[in-house]
Amino acid sequence: MRLNSSHPITKAICTLAIAISLTISVAPLTAQSSKEKIRLLSAALRAHDAGDLQAAKTNLEALIKIAPDDPNVQKLLKAVNED
């Protein structure tokens, strides 16, 4: 699968992935919640790249339940809703 690195949603997801990885290294999260965040983010990215905005939205909504105060997740969900 080839990513369109110039697409705003791809940039936002990459930014979120970096933020999550920094959070994982700084804050003591459980291994399960870290894996779930990464799984949901990956699924959202794959769905978006495939043009399945509903699946991307579903995964991001599940991700926001895990990280409700994360501004990157909020921004990403907003971007998908606007597409």
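Since we're looking at a predicted model, the values are computed, not measured. (Residues numbered from 1 in each chain as written. Predicted model: local features only at pLDDT ≥ 70, side-chain atom pairs only at ≥ 80, totals over all residues. Heavy atoms only, no water.)

A. Geometry of helix α3 (residues 53-66). An ideal rise of 1.5 Å per residue puts 20 Å on 14 residues; α3 measures up with 20 Å between its terminal C-alpha atoms. When α3 is considered as a whole, its buried residues turn out to be Ala56, Asn59, Leu60 and Leu63. Down the axis, α3 shows its buried residues gathered within 100° of arc, on one side only. Exposed side chains of α3 directed beyond 90 degrees from the buried face belong to Gln54 and Lys65. (Helix = DSSP H or I, 4+ residues; strand = E, 2+ residues; numbered from the N terminus. Expected span 1.5 Å × (residues − 1). Buried < 20%, exposed > 50% of the residue type's maximum accessible area, 1.4 Å probe, protein only. Arc of directions from axis to C-beta.)

B. Fine view of the environment of Leu77. Tracing the sequence through the fold places Leu77 in helix α4 (residues 71-82). For Leu77, a relative accessible area of 11% corresponds to the buried category. Taking the C-alpha atoms as reference points, Leu77 and Ile64, 13 residues apart in sequence, are found 8.3 Å from one another. The contacts of Leu77, once residues within four sequence positions are left out, are Lys57, Leu60, Glu61 and Ile64. (Contact = heavy atoms within 4.5 Å.)

C. Up close: the side chain of Asn59. As for its position among the elements, Asn59 is in helix α3. With a relative accessible area of 15%, Asn59 lands in the buried category. What Asn59 contacts, discounting residues up to four positions off in sequence, is Arg39, Leu40, Ala43 and Ala44.

In short, geometric facts, not functional conclusions.
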